[in-house]
Amino acid sequence: MKAEPLRRHRARATMVFQDPYESLNPRMRIRSVIEEPLMLHTPLDRAGRRRRAAELMRMVQLETFHLDRYPHELSGGQLQRIGIARALATDPEFLVLDEPTSSLDLSVRAGVLRLLKRLQREHDITYLFISHDLATVAAMSDEVAVMYLGTVIERGRAAEVLGNPQHPYSQALLSAALPVDPDQRRTRLVLAGRPPAPSICRPAARSLHVVHCVAMSARPRCRRCTRSRRGTGQPASACLKEPTSFRLPCRPSSLRAEEKVLNAHPYSHLFEPIKIGPKVAKNRLWMTAHSTQLVKDHNFTDRHVAYYAERAKGGVGVITMEAMATHPTTQPYEGKIFAFDRAVIPNYQKLSKAVHEHGALLLAQPWHRGRETNGVVNRLPVWAPSSVPCTVYREMPHTMDEENINEILEGYTLAARYAAEGGLDGVEVHGLAHGYLLGQFLSPATNHRTDQYGGSDENRLRIVLEIIERTRREVGPDLIVGVRINGDDGEVEGGLRTEHWAQIARTIADTGLIDYVSVTQGTYQNRMLIYPTTPREQGYQMEATRQIKQMVPELPVVVAGRMTSPEKAEYAVASGAADMVGMARTLIADPEWPNKALEQREADIRPCVGANHCMASIVSAPLACIHNPAVGREAEMGTGTLEITSRPRSVAVVGGGPGGLRAALTLSQRGHEVTLFEKGAELGGQVNWIARSESYAEWGSIAGWLISQLRDTAVKVELGVEATLDSLKGYDSVVVATGSTPLRTGWSMNHPIRWASGEGVPGVDQFNVITAEEALRNHAELGPNVMVFDDLGGRHAVVVAEHLQANRHQVELVTTLSSVAPELSATRDVGWVHKRLRTAGVVFTPNREVAGIEEDVVTLRDVHTGETEEREPVDSVVLITGSKAEDSSTTASRRPASRCAQSATASLRAECSTPSGKPNWLPARSEEKKHVEGDL
């Protein structure tokens, strides 16, 4: 083939290779990898190539910030998606997939295969799929060709070849596969004799353009055998002539395993029913307990009913409601249910009715915090087995006497009685895990008693067994009783390790009083084991849970710990690590997660990104999520509440950050005609900045999910287009979501008078003084020594500092506050972040502000004494002192119009118009009304 036809052919037929690490140039950024075929085979200019590269990244479900990374900064699964994006760059008609998943981790393979299936369906691509994995062949192929020594010896439809192979080699190959059911007997067929070269025999006549899968193998097979399809007299598939040295029956006695493979759901283990004591859960997904702060007067509310019903409607099999106090001394804040008060019974009945309508089981979780609280709210002493204060609350507890212990026993007893009377399905005894009261009795680190509740293992377990015995007596044999335990206490000197908890589980199970064990990790001394933020990996608790499961094989065991993806959840059950998968934050982010996984709509799952905004919210308000604004407002904004407008309008949304994306999505879903303007080259806004840091890469999914949802709407996206007053005149309404720009004056909040003049700290106009966005975007252009100055106390500074330090800069983090990032106390990860930064070498300098910058010298001022000191050399200074709303292009033209001018809610919900005929300018801020899933 000559050069020009060959070039055109290479654009139409591309390839994805087996090893993603070897197929990408380690010296090229991902952007260059993706744009290289565009330069060779398309007429696109630089701007066009950048837009196409961003589009390709979205096609393979990666974020655009990955374009600026090198291959070594990505995982194997991400790299293979990059390889797929590169292969799709020229919009090919034919794609060769050479073992594209064999080098990937098991939990990643399914996601890549589903991506390939979706891309094939959406872009009408023919695949030639080469694989030795029969399950993959079954899942991916329409037609299968079996090869031996480069010759196709059998070919036919996938179901025919895999379910009724005609050639002896195909039969032997399939018989070697392990069955899906471990108890299923299989007949292994072994070929006898010396393998000959295959005869040249024409396979069944089918055109090559419909071949979607080729199963290749290096093992010999041959024998002429054509068996008729039942009732047709036609051969099922064609094979080669039989060499005389081969002796083999025509087909294996059973291919049930392969038949199962053909029909298997990718998450078949997750959606199997399971018996839990006297009850049956419809699947293996369990919503674990978490605080909601929807409480009023220590009781449930209608918002609780809507909240739990929404998760039940979303498909979860079991719900354990939030931890409920068994005694007045366990009130870390007022929003706690009193499980010992019979006033909960009517609300239990409401809750159980709402949840049972959707087929889920509902459990109560009585608990006591012990030392892990304070007496500020209830004005009562803190109770604990011994006078050992908590590392978080630091209040010296009262050592419980026998009367106090009896009060706790009575509280758990009443909690179980009222749960039964309220129509719940069971009780989960809590307090063993997370270092709460019962765990404090169990651990030698916190139980220093010498009476019958201390000393020996038996004595320390006594109160737990008494509570379990009372609970079972109250609920009887027809309800579930379970326990929540730790799999590991974490970094606690003298704390309990996995082997200790496994033995505790065995001892409790031997009583015959419990129906399941739910496993978690951590205490308040190491809270990032309880509810870790990114970058903690998925399923980090799985191996500890597996050890406990091995100790109590007869009981269902629940695993937790950032179980965020269907692939990881399926693996946990399929591998035997646990019988059920526990989720809390995952189902806060998307209550429809189970149904979407069941329907194989993984791309529609709103991901939990590990931001812990949910944890921060309950400090002073009801539960919230960083990108699911319906949380706690399910009755108004939950699934199925969105109303289609009867008066469609043309609406312009200005700004492609999360707020603009959410507004555009909701407007389009309601039936409006929407155009989204983004003056930059990509959507996502400032979320893209933070996602450039490796530790916060998951945050990119906040915008990434919204972008993926927009693809299924009619929203017109104008990238690289700045909206002007003239261009917006033709729209009925305009939603302003233009975000903000960082302040560059360098003044801290200690000098409000300085903000009026607009003049900055001396020297801030130098070239080496930059913003957080610039530091994250262009860190390679910075010098070796960088100072990050923070006046906010949030996450901004630590993200920049960690990112720069990881990229070989020496960072000093200076803050006007008394400690670095104190606001992270609300998300519970301040200690973990400090540990990561200080271990990496970041220097902390609190109580200082920038007084002046001169070339590479920075003068710092003590905010308390006014004393100054100098730092040199400082090659770059990053200012993090707040941001100013970016509204200059719209402020002059805003026109309050009728009832719609109050908020974006009106624009999204009401049927409004402007009497003057000019666009209705509204900020994308409000979430207050129905159907507005507003800004982040």
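Here, the structure is the one placed above.
Residues numbered from 1 in each chain as written. Predicted model: local features only at pLDDT ≥ 70, side-chain atom pairs only at ≥ 80, totals over all residues. Heavy atoms only, no water.

1. Remarks on a negative patch on the surface
Together, Glu854, Glu855, Asp856, Glu870 and Glu872 make up a negatively charged patch on the protein surface. For Glu870, the position within the fold is in strand β31 (residues 868-871). (Patch = residues over 30% accessible without salt bridge, like charges linked within 9 Å, V, L, I, M, F, W, Y side chains within 5 Å. Areas by Shrake-Rupley, 256 points an atom, 1.4 Å probe, with all protein chains shown as cover. Salt bridge = Lys/Arg side-chain N within 4 Å of Asp/Glu carboxyl O. Lys, Arg positive; Asp, Glu negative; His and termini not counted. Charge placed at Lys NZ, Arg CZ, Asp CG, Glu CD. Helix = DSSP H or I, 4+ residues; strand = E, 2+ residues; numbered from the N terminus.)

2. With respect to the pattern of salt bridges
Pairing between side chains becomes possible if they bear opposite charge and their charged atoms approach one another. What the rule picks out here adds up to 42 salt bridges. One salt bridge connects Glu599 with Arg601, and the closest N-O pair in it is separated by 2.7 Å. For Glu599, a relative accessible area of 46% puts it in the partly exposed group. Put simply, Glu869 and Arg848 hold a salt bridge, and the shortest N to O gap is 2.6 Å. Placement of the pair is Glu869 in strand β31 and Arg848 in strand β29 (residues 848-854), with a sequence separation of 21 residues. Taken together, the salt bridges that share partners define one network made up of Glu812, Arg848, Asp862, Glu869 and Arg871. (Buried < 20%, exposed > 50% of the residue type's maximum accessible area, 1.4 Å probe, protein only.)

3. With respect to the sheet that holds strand β27 (residues 810-815)
The strands that make up a sheet are held in pairs by hydrogen bonds between backbone atoms, and each pair lies either parallel or antiparallel. Sheet architecture is open: five strands sit in the order β25-β32-β26-β27-β28, paired in parallel fashion. Each of the sheet's edge strands pairs with one partner strand only, and the pair in question is β25 (769-771) and β28 (843-845). Here the strands of the sheet are splayed against their neighbours by 25° on average, with no regard to which way each runs. Bridge count between β25 and strand β32 (residues 876-880): three bridges; the pairing is parallel. Of the residues in β32, the one forming a bridge with Thr771 is Leu879. Of the strands in this sheet, β26 (785-790), β27 and β32 are in contact with helix α29 (residues 796-806), which crosses β27 at around 165°. (Pairing = 2+ DSSP bridges. Axes fitted to C-alpha atoms, helices over the stretch in contact; angles between N-to-C directions. Contact = heavy atoms within 4.5 Å.)

4. Brief notes about the environment of Val814
Structurally, the position occupied by Val814 is in strand β27. For Val814 and Val850, which are 36 residues apart along the polypeptide, the C-alpha to C-alpha distance reads 8.5 Å. Discounting residues that sit within four places of it in the chain, Val814 has contacts with Met787, Val788, Phe789, Asp790, Thr845, Arg848 and Leu860.

5. Remarks on the packing of aromatic side chains
Counted by the stated rule, this structure contains 10 aromatic pairs. Between Trp367 and Tyr436, the aromatic rings sit 5.9 Å apart at their centres with planes inclined by 90°, giving edge-to-face as the arrangement. Of this pair, Trp367 sits in strand β12 (residues 361-367) while Tyr436 sits in the loop between β15 (426-429) and α14 (437-442), and the two are 69 residues apart along the sequence. An identical accessibility class is assigned to Trp367 and Tyr436; each is buried. Clustering of aromatic rings is evident, with ring pairs tying together Trp367, Tyr393, Tyr436 and Tyr524. When the ring centre of Trp832 is taken as origin, the NZ or CZ atom of Arg836, which lies over that ring, is 5.0 Å away. Directly above the ring of Phe844 sits Arg838, whose terminal nitrogen or CZ lies 5.8 Å from the centroid. (Phe/Tyr/Trp six-rings, centres within 6.5 Å; stacked < 30°, edge-to-face > 60°. Lys NZ or Arg CZ within 6 Å of the ring centre and 35° of its normal.)

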